[in-house]
Structure formats: structure tokens, C-alpha cells
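Notes for the structure review
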Amino acid sequence: MRAELLKKRALTRMVRLASNLSDEKLIRMVELSQRHLMRGVTDERVRFTAEKIKKLFEEKHPATELAKSTFRRVSKESRKRIVENFFINAGVTGRQRQEELKRELGFGMPWFFVISPTAKCNLKCKGCYAGEYTKSEDLSFELVDRIFTEAKELGMYFITISGGEPYMWPPLLDIFRKHSDMFFQTYTNGTLLTKDMAQKLAKLGNVAPAISVEGFEKETDARRGNGVFQRVMDAMDNLREAGVVFGYSVTPTRLNSELLVSDEFVDLMIQKGCVFGWYFQYVPIGRKPDVSLMATPEQRNYIRQRTKEIRNTKPIFIGDFWNDGPIVGGCLAGARHRGYFHINCKGDVEPCVFLQFSVDNIKDKKLLDVIQSPFFRAIQDAQPYCENKNLLTPCALIDNPRVLRDVVKQHNARPSYNSSYEVISNPDVCNFLDAYSRDYKKITDPIWENEVSLKYQSWKERFS
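What counts and how
Residues numbered from 1 in each chain as written. Predicted model: local features only at pLDDT ≥ 70, side-chain atom pairs only at ≥ 80, totals over all residues. Heavy atoms only, no water. Pairing = 2+ DSSP bridges. Helix = DSSP H or I, 4+ residues; strand = E, 2+ residues; numbered from the N terminus. Phe/Tyr/Trp six-rings, centres within 6.5 Å; stacked < 30°, edge-to-face > 60°. Expected span 1.5 Å × (residues − 1). Buried < 20%, exposed > 50% of the residue type's maximum accessible area, 1.4 Å probe, protein only. Contact = heavy atoms within 4.5 Å. Salt bridge = Lys/Arg side-chain N within 4 Å of Asp/Glu carboxyl O. Core = buried A, V, L, I, M, F, W, Y, C linked by side-chain atoms within 4.5 Å.

Turning next to the sheet that holds strand E2 (residues 158–161). Read from one edge to the other, the open sheet built from 10 strands follows the order E7-E6-E5-E4-E3-E2-E1-E8-E9-E11, with strand pairing classed as mixed. One side of each edge strand has no neighbouring strand; the edge strands of this open sheet are strand E7 (317–320) and strand E11 (360–361). Sheet topology note: the E2/strand E3 (residues 183–188) ladder contains 4 bridges and is parallel. Looking across to E3, one finds that Ile-159 is bridged to Phe-184.

And the structure:
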């Protein structure tokens, strides 16, 4: 009882410190967390992360300015929910619960998952990864409510909601309200984030939109439709003025890769108020997949280099879904320990947003049961997919395509829609991906062997 009281007091002090941050108060927040909220945490990765964050603040890393500017401008409720829901519930309490479950069940839990309650969208973007999902089915409020309740029982307090366009799913705000102890990220085209919606999100405090953009006006409107870029800029203004945490999401292709990591573009996103930016390489799935749009191996490696530079020099958090393999232990797919999975609008449970095959449906099984799927276990057991354990090539779709072909065949996994089968059956697509993976390995194998691998322990030791 006394321990819980101390935790509550520490949390209250952290929220109070966050309202008017200085460099010293930032460090004090981390110390309070270490002293009172991490008692009993045996996961060395959690403690290592906290110590690393503290060191960044002490060294005046750009992350210091990012944290201060974020907490200063967000709404009171957002500030509270960032500390309580994201850092404490998802980052500490949830991890403690997952440690207990790992000892009890003998296997680790994913840290989060993506759910797409609808595939409906008010745009028709070229090459959309979710463009071929059925538009006639939505998940019900009751089902999503059940899934989130089960997630918390398994120590998961962070959820990403995608689509389609998630803000077209009618119960969205109701689910945020009911699960006010969780933190949500939404992938959105931004066109529905009006001033009124921004105010509603600010009052909730537990939602961080990631807005899709393709570059500047020319690039964004070419893929998403005339006038969309300006609507995205307006949405960012609405969220910033309301005090909502938000960021951007981009899809590097052969046409825009260099632009998306340019100082000019990233500085604009920072100016608009983005706290984070997610980079997802274009891959040949979804609406009219086109392998010619994939960034070249050379472009992908350039993005890898630039995102690292941006993280170390600018006040914004950048995540690169493929190139950050060494940071997260390789491929996150298949509900691996500290990884993730995807539930689509039909309830089919996929190993990844981009690996669109399934054997289970969440409507028929509990969350814990689908996490233990033999299909998912096969994906986990195959990791890391390449013989030399090059975590710069972590993906079963574009870096190690034979793995996806084999595991889908072995477990009779069904494609999520007709054309999703093309990535493992269309000779033109398969031949392209085989050549692409070989070419990228030629670039990154020496980098992995001579530079990157030296900075990391064995992936089995660190991420098992």
C-alpha cells in the first residue's frame, strides 16, 4: 500500500514538473521514475533506456529541446496522459506485467499492435498499402473494446490505429474515452482533423495523430489529390494550436526519397509542430503495386544515413521502419517479444501491416491465443532471417523474400485480399524482390560486419 502511495506521489510530481520544464526538471523527472516507478522492474532494457534518456538530457542532446518544447505547448490533459499512459502504463507498468507473463507462460509478449477498424477512406492514394482491403466491413465497438481490454491484461497500453482513414470509423473517439488509461497513435491522411476535432483530441489527451505527407505540395497532391497538401498543413496548425501531440508519416519512393530526408522538408515539419516522423519504404502491396516505385538500394541506404543524422542534430524523433532494424532487434513482425502484429478490418490477424496473410481471426479467438499462433511462431523462429544476422536487412518481404514464401506455404496462410498473394506468386514481383534483396545486402553486409554489429550484442541475448 505504501509503495503504491509513493508511486502515485511520484507520478503527480512528474506531471507537475512537466508543466514548466527546464533541463534540470527533465533530469529530475527521469530520476523520479527510476527511484519510485521502476522498483521491481527486472527488465534491463527498460532500465537501460531510462539511463540513456537521462544521459541525452545531461548532454543537451536535441532530444532535450524536443521534450521541453513538446511539454510546454501541449494541453494539460495531453501532458498528463503522455506521462501516465505512455511513459508509465506502457513503458513501466505494462513491462512489469509482461515480465510476469513471460515467467508464467514461457514466452514474451509484443509491446503493441496495429488495428485497422475500417478500410474506408475519403482519398484514393496511388499505391496505398491498404487500398485493396474490403470497404464493406468494419470492426464493431464491442469487438475493439474487448481486444483493448485483453491487451491491457497482457501488459499492452500502447495501440496504433490505422485504416483506411481511422477518423471515418464512427466509434473512434468513444473508444479513446473508454480506454483513457491507454495511449493511441493514429495514422491518418489529416483531412478530417478540423479545429473542432483537434479540440476534442486535446481534451482526451491520449491520442497522437501521425499525418501522411509525400513531401511538399507537388509530391503530396500528385499521390493524394489536388489540395490535400494544404489540408494537411491546416490540420497540423489545428493540432498545434489545440495542444495535441502529433507527427508525420512518409513513404519514400524512387521519386521522393532524397526530398523526404532533406533539411528543407524536415525543418518544415518541425516548424509545423511535429514531434516525430515515421519513414515507411514503399513496397509492392496494396492498390496497383508497382515495383518500379521502390526506392533503389542506394536511396534506401542514404535514407538510413540521413535519419541517423537528423536524430542527432534536430529536435524531432525519427523512426525508420526498415533501417532501424539494429535498434529494435530486427523484424518486429509476428507478435515477437517486444514486437507487434496487425488486426485488419475483417478481424484477420496478420504478422505485419505489410505482410498481408493470416491464419487466425480475432472474432473467433482471444488475443493471447492469436499471439501464440503457430504461423507467428514460425516467423519468430526464422528471425533473424539472414545467415549473417545482418539486422540492416530485417524484412521478410523485401530483404528476405524466401522466408515469407516458405512460411505462408507451410502454414497455408490465406491472403488478406486477392492481389496480396502476388508478392509470393507473381514471377515479375518475386524476381524483382530477389534481385533487390541481393543488391541491398551487397551494400549493407560490409557496413553491418565492420561498423554496426560491433555496437550490438547478439540479438538473441538482447531481445529474447
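Scanning the entire structure with this criterion turns up 29 aromatic pairs. Note on Phe-216 and Phe-265: the rings are 5.9 Å apart at their centroids and 80° apart in plane angle, and the pair reads as edge-to-face. Taken as a pair, Phe-216 in the loop between strand E4 (207–212) and helix H9 (217–224) and Phe-265 in helix H12 (residues 263–272) lie far apart in primary sequence, 49 residues in all. One aromatic cluster is present, formed by Phe-86, Phe-87, Trp-111, Phe-112, Phe-158, Phe-183, Tyr-187, Phe-280, Phe-321, Trp-322, Tyr-340 and Phe-354 through successive ring pairs.

The next point concerns helix H10 (residues 228–242). Here H10 is 15 residues long and its end C-alpha atoms lie 21 Å apart, about the 21 Å a rise of 1.5 Å per residue gives. Every buried residue belonging to H10 is among Val-228, Phe-229, Val-232, Met-233, Ala-235, Met-236, Asp-237, Asn-238, Leu-239 and Ala-242, and all of these are buried. On its buried side, H10 packs onto helix H4 (62–73), helix H8 (195–204), E4, H9, strand E5 (247–250) and H12. Once H10 finishes, Gly-243 follows within two positions and takes phi at roughly 90°, a positive value.

Between Gly-163 and the following residue, Gly-164, the backbone shows a cis peptide bond with an omega angle of 10°. For Gly-164, the location among the structural elements is in the loop between E2 and helix H7 (172–178). Between Gln-383 and the following residue, Pro-384, the backbone shows a cis peptide bond with an omega angle of -10°. Looking at where Pro-384 falls in the secondary structure, it is placed in the loop between helix H16 (374–381) and helix H17 (401–410). Positioned with a positive phi, Ala-335 is a non-glycine residue whose angle comes to about 60°. Turning to its location among the elements, Ala-335 is positioned in the loop between helix H14 (325–328) and strand E8 (342–343). Overall, Ala-335 belongs to the buried group, its relative accessible area being 1%. A positive phi angle, close to 65°, is found at Arg-338, a residue other than glycine.

So, on to the pattern of salt bridges. If charged atoms from side chains of opposite charge come close, those side chains can pair. Summed over all chains, the structure comprises 25 salt bridges. With a shortest N-O distance of 3.3 Å, Asp-196 and Lys-200 are connected by a salt bridge. With Asp-196 and Lys-200 both in helix H8, this residue pair falls 4 residues apart, about one helical turn. Put simply, Asp-348 and Arg-414 hold a salt bridge, and the shortest N to O gap is 3.2 Å. A residue pair is termed long-range when its members are at least 10 positions apart, and Asp-348 in strand E9 (residues 348–350) and Arg-414 in strand E12 (residues 414–415) qualify at 66 residues. Under the relative-accessibility criterion, Asp-348 is labelled buried at 6%. For Arg-414, a relative accessible area of 34% gives the class partly exposed. Several salt bridges converge on common partners, so that one network encompasses Asp-263, Asp-267, Arg-306, Glu-309 and Lys-314.

Right, let's get into the nonpolar core. Ranked by internal contacts, the top residues of the largest apolar core, which has 129 residues, are Phe-113, Phe-148, Leu-201, Tyr-248 and Leu-367. It is H10 that contributes the most residues to this core, 8 residues altogether. Counting residues in each nonpolar core, the second largest holds 5 residues, with Leu-391, Leu-392, Trp-448 and Val-452 among its members.

Here the focus is the environment of Val-250. Looking at the element boundaries, Val-250 is found in strand E5. Residues within four places of Val-250 in sequence aside, it is in contact with Val-213, Leu-260, Phe-265, Trp-278, Tyr-279 and Phe-280.

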